[in-house]
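Below are the chains, spelled out letter by letter.
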Amino acid sequence: MNSLNEILNEALKAISKDSDRQLAIHMGVTASAVSLWRHGKSTPDMYALMELQKILQRDARELSAIIEAERAKTEERRGYWEDVKRAFSKSALSIAVVAAATIALPGGVQKAYAGEVLRHALSDDLTAHLYIM
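A. Spatial organisation of the overall build of the chain. Across its full length, the chain carries seven helices and zero strands. Secondary structure elements in the chain, listed N-terminal to C-terminal, are α-α-α-α-α-α-α. Counting every position in the chain, which comprises 133 residues, the buried fraction comes to 34%. For the chain, the proportion of contacts with a sequence separation of at least 24, taken over those separated by at least 6, is 48%. If you sum the accessible surface of the chain, you get close to 8600 Å²; carbon and sulfur atoms cover 58% of it.

B. Layout of the nonpolar core. Ile-7, Leu-23, Met-27 and Trp-37 are the most contacted members of the largest nonpolar core, which has 22 residues in total. Sorting the residues of this core by element identifies α1 (4–14), α2 (20–27), α3 (31–38), α4 (46–56) and α5 (60–71) as the ones contributing at least two each. Residues in contact with Ile-7, not counting those within four places in the same chain, are Met-1, Leu-52, Leu-56, Leu-63, Ile-66 and Ile-67.

C. A look at the side chain of Lys-85. Take Lys-85: it is sitting in helix α6 (residues 75–104). Excluding anything up to four places from it in sequence, Lys-85 contacts Asn-2, Ala-65, Ile-66 and Ala-69.

D. Here's a closer look at α1. Every buried residue of α1 is accounted for by Leu-4, Ile-7, Leu-8, Ala-11 and Leu-12. For α1, the buried positions fall inside an angular range of 140° around the axis, keeping them on one side. Trailing α1 by a residue or two, Ser-16 shows a phi angle of about 55°, which is positive.

E. Highlighting the side chain of Glu-51. On the secondary structure map, Glu-51 appears in helix α4. Using a relative accessible area of 12% as the deciding quantity, one classes Glu-51 as buried. In this structure, Glu-51 is in contact with His-26 and Met-27, ignoring residues within four places of it in sequence.

F. Examining the pattern of salt bridges more closely. One pass over the full model with this rule turns up eight salt bridges. The salt bridge partner of Glu-10 is Arg-58, with a shortest N-O separation of 3.6 Å. Within this pair, whereas Glu-10 is found in helix α1, its partner Arg-58 is found in the loop between α4 and α5, the two being separated by 48 residues in sequence. Since its relative accessible area comes to 25%, Arg-58 is described here as partly exposed. A salt bridge links Lys-85 to Glu-82; the shortest N-O distance between them is 3.2 Å.

G. Structural view of the packing of aromatic side chains. If you walk through the whole model with that rule in mind, you get one aromatic pair. Ring centres 5.0 Å apart and planes at 85° place the aromatic pair Tyr-80 and Trp-81 in the edge-to-face group. We classify Trp-81 as partly exposed; its relative accessible area is 22%.

H. Highlighting unusual backbone geometry. We note that Ser-16 has phi near 55°; this positive angle belongs to a residue other than glycine. Along the chain, Ser-16 falls in the loop between α1 and α2.

I. Up close: the environment of Tyr-47. Tracing the backbone shows Tyr-47 in helix α4. Taking relative accessible area as the criterion, Tyr-47 reaches 46% and is therefore assigned partly exposed. Taking C-alpha positions, Tyr-47 is 9.2 Å from Gly-28, a pair spaced 19 residues apart along the chain. Setting aside anything within four residues of it in sequence, one finds Tyr-47 in contact with Met-27, Gly-28 and Val-29.

Procedures and definitions
Residue positions are given per chain, counted from 1 along the sequence in the order it is written. Local features in this predicted model are restricted to residues whose pLDDT is 70 or higher, and side-chain atom pairs enter the listing and the counts only when it is 80 or higher, whereas totals over whole chains, interfaces and linings include all residues. To get the side-chain values, all heavy atoms of the structure are used, and hydrogens and water are removed first. Strands are runs of DSSP state E lasting at least 2 residues, helices are runs of H or I lasting at least 4, and numbering of each runs from the N terminus. Summary of the burial criterion: residues with accessible area below 20% of their type's maximum are buried, those above 50% are exposed, and those between are partly exposed, where the area comes from a 1.4 Å probe applied to protein chains only. Contact definition: two residues touch when any of their heavy atoms are within 4.5 Å. Residue burial considers only the protein chains on display, and all accessible areas are found by Shrake-Rupley using a 1.4 Å probe. Only buried residues count toward a nonpolar core. Its members are Ala, Val, Leu, Ile, Met, Phe, Trp, Tyr and Cys residues joined through side-chain atoms within 4.5 Å. The arc in question is formed by the directions pointing from the helix axis toward the C-beta atoms. Whenever Lys or Arg places a side-chain nitrogen within 4 Å of a carboxyl oxygen from Asp or Glu, that contact is recorded as a salt bridge. Each pair of aromatic rings taken from Phe, Tyr and Trp, with Trp reduced to its six-membered ring, is defined by centres within 6.5 Å and is described as stacked if the planes are under 30 degrees apart, edge-to-face if over 60, and tilted in the remaining cases.

So this is what it looks like as structure tokens:
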């Protein structure tokens, strides 16, 4: 995902709907709000961002970074938000590596090794956070 339109398309797919009106209803926002987002006239407010987070199972900060990078008016700001996006991608990769290690290794070894892999993967990224729900 690199744009708000891609976020909205992914959200439509996630809820198995095919129109922005249906997405708006699902999110509890107006169809005109979604239309304004699609056309770059406005961006989702915090309520809508949190709804997108629930639908997509993605961190709202990551979604916000995607939106801000797209709308940035200077290369410096765009670069800042691109760095934030990369940090989330790196965190997601780290978690995937731990999940794969946990599945692949037997018994007690897997817990110790998975923890070590996670510590090592996240040590390079001070902004990484692990959320367990």
